[in-house]
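What follows is each chain in one-letter form.
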Amino acid sequence: MSALKHLAIIMDGNGRWAKQRGKMRTQGHREGIKTLREITKWCAKNHIAYLTLYAFSTENWNRPQTEVDFLMKLLEKYLIKERQTYLQNDIRFKTIGDMRAFNDPLKQTIQALQADTAHNTTLTQILALNYGSKDEIKRACEKIIQTQAYKHTSDTLKLIESHLDTQGIPDVDLLIRTGGEIRLSNFLLWQASYAELFFTPTLWPDFAPSELAEIIAHFKQRDRRFGGL
Ligand code: FPP
């Protein structure tokens with residue numbers, strides 16, 4: 001039986017969900033927020049230690065400016081409005097990605113929620129914001145070169161891991177992508193190197209805790225050998 005400590009999810013399909021209903025794409029993102037809240041609460045109740053969600057990628061800046069602006073506002077509102085959900089459910093909030101790209105009010109909101117939830121222990125929810133694996137590895141290499149940290153170590157693997165945004169967080173056990181595409185889209189390429197992968201056609205706004213529970217039940221049956229026999 002495989003243990004599940006770290007679950008990662010690519011939340012895809014908001015736009016198609018809205019289109020199928022003749023609604024604006026932005027309405028799909030609003031619905032997506034509801035799923036995000038429900039899935040997060042379910043993970044806290046079911047003792048999953050880490051949940052990482054791909055909320056905004058380094059490539060998502062290429063969307064129309066109106067959609068980018070909408071997502072930024074939605075994110076800020078979500079982080080302010082959901083404060084109670086984090087506190088009541090003992091959820092610690094963290095981010096991965098390069099926060100330097102965001103405006104000051106959003107950066108402050110992120111920092112405030114991180115500080116207010118820093119001592120919560122049931123679930124760590126990690127939002128990937130302006131995140132891309134290649135960008136993360138590039139930034140890690142730059143830090144190592146700038147500080148010349150490579151001169152003082154005999155363990156290069158550990159050195160790299162300790163400079164990634166996910167420093168101190170265990171590797172991903174299970175990675176799920178909703179919305180039917182079969183790709184990783186630059187998400188946690190390093191950390192998911194031995195993750196079990198699940199792809200579901202369900203669009204993110206329709207993804208329910210019951211489907212997550214089913215996927216986890218399948219995951220637990222998988223025999224993970226990590227390259228051994
Ligand atoms: C993919 O749907 C989803 C995203 C680009 C980001 C995920 C966003 C949310 C769940 C809601 C917003 C949450 C935050 C915290 C900002 P898509 O637009 O790519 O859907 P499509 O593939 O059907 O077009």
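That block above? That's the structure.
Residues numbered from 1 in each chain as written. Predicted model: local features only at pLDDT ≥ 70, side-chain atom pairs only at ≥ 80, totals over all residues. Heavy atoms only, no water.

Enquirer: If you had to explain the packing of helix 2 (residues 25-45) against helix 3 (residues 65-81) to someone new, which residues and values would you point to?
Expert: Packed helices, taken two at a time, are described by the angle between their axes plus the distance between the axes. At a minimum axis distance of 11 Å, the contact between helix 2 and helix 3 shows a crossing angle of 30 degrees. As the angle between them shows, helix 2 and helix 3 are arranged roughly parallel. In this structure, helix 2 crosses over helix 3, and the sense of that crossing is right-handed. Facing helix 2, whose interface residues are R25, T26, H29, R30, I33, L36 and R37, helix 3 presents E67, F70, L71, L74, Y78 and K81. Among the residues forming the contact of helix 2 with helix 3, the class breakdown is six nonpolar, two polar and five charged. (Axes fitted to C-alpha atoms, helices over the stretch in contact; angles between N-to-C directions. Helix = DSSP H or I, 4+ residues; strand = E, 2+ residues; numbered from the N terminus. Parallel < 35°, antiparallel > 145°, perpendicular 65-115°, else oblique. Left-handed = near helix turned anticlockwise from the far one by under 90°. Contact = heavy atoms within 4.5 Å. Nonpolar A, V, L, I, M, F, W, Y, C, P; charged D, E, K, R; others polar.)

Enquirer: Would you mind going over the environment of R83 in detail, with residue names and values included?
Expert: Counting through the fold element by element, R83 comes out in helix 4 (residues 83-88). We classify R83 as partly exposed; its relative accessible area is 33%. Other than its neighbours up to four places away in sequence, R83 contacts L113 and D116. (Buried < 20%, exposed > 50% of the residue type's maximum accessible area, 1.4 Å probe, protein only.)

Enquirer: For the site of the ligand, give the residues involved together with the corresponding values.
Expert: Close to the ligand lie 16 residues, the nearest being D12, G15, R16, R25 and R63. Residue G13 places a main-chain N or O atom 3.4 Å away from an oxygen atom belonging to the ligand. Here R63 contributes a side-chain N or O atom positioned 2.8 Å from an oxygen atom of the ligand. Isolated, the ligand exposes 600 Å² of accessible area, and the fraction of that covered by the protein chains is 92%. Mapped onto the shell around the ligand, the elements with two or more residues apiece are helix 1 (14-20), helix 2 and helix 3. For the shell around the ligand, the per-class residue count stands at seven nonpolar, five polar and four charged. (Near = heavy atom within 4 Å. Polar contact = N/O pair within 3.5 Å; in protein donor to acceptor, adjacent residues only side chain to side chain. Areas by Shrake-Rupley, 256 points an atom, 1.4 Å probe, with all protein chains shown as cover.)

Enquirer: Account for the packing of helix 2 against helix 8 (residues 209-221), with residues named and values stated.
Expert: At their nearest, the axes of helix 2 and helix 8 sit 10 Å apart, and the two run at 50 degrees to each other. Our classification of the angle between helix 2 and helix 8 gives oblique. Here the hand of the crossing between helix 2 and helix 8 comes out right-handed. Packed against helix 2, whose contacting residues are E38, I39, W42 and C43, the element helix 8 presents P209, L212, A213 and I216 at the interface. Grouping the amino acids of the contact of helix 2 with helix 8 by side-chain chemistry returns seven nonpolar, no polar and one charged.

Enquirer: Could you give an account of a positive patch on the surface, with specific residues and numbers?
Expert: Where like charges cluster on the molecular surface, the positive patch consists of R30, K73, K77 and K81. In terms of residues, the positive patch owes the most to one element, helix 3, which gives three residues. Within the element layout of this structure, R30 appears in helix 2. (Patch = residues over 30% accessible without salt bridge, like charges linked within 9 Å, V, L, I, M, F, W, Y side chains within 5 Å. Salt bridge = Lys/Arg side-chain N within 4 Å of Asp/Glu carboxyl O. Lys, Arg positive; Asp, Glu negative; His and termini not counted. Charge placed at Lys NZ, Arg CZ, Asp CG, Glu CD.)

Enquirer: Quick rundown of unusual backbone geometry? Include the residues and the values.
Expert: A positive phi is found at N186, a non-glycine position, where the angle reads about 65 degrees. Relative to the helices and strands, N186 resides in the loop between strand 5 (174-177) and strand 6 (196-199). N186 gets classed as buried once you look at its relative accessible area, which sits at 15%. Non-glycine residue L188 carries a positive phi angle of around 50 degrees. Counting through the fold element by element, L188 comes out in the loop between strand 5 and strand 6.

In short, shape yes, function no, at least from these values alone.
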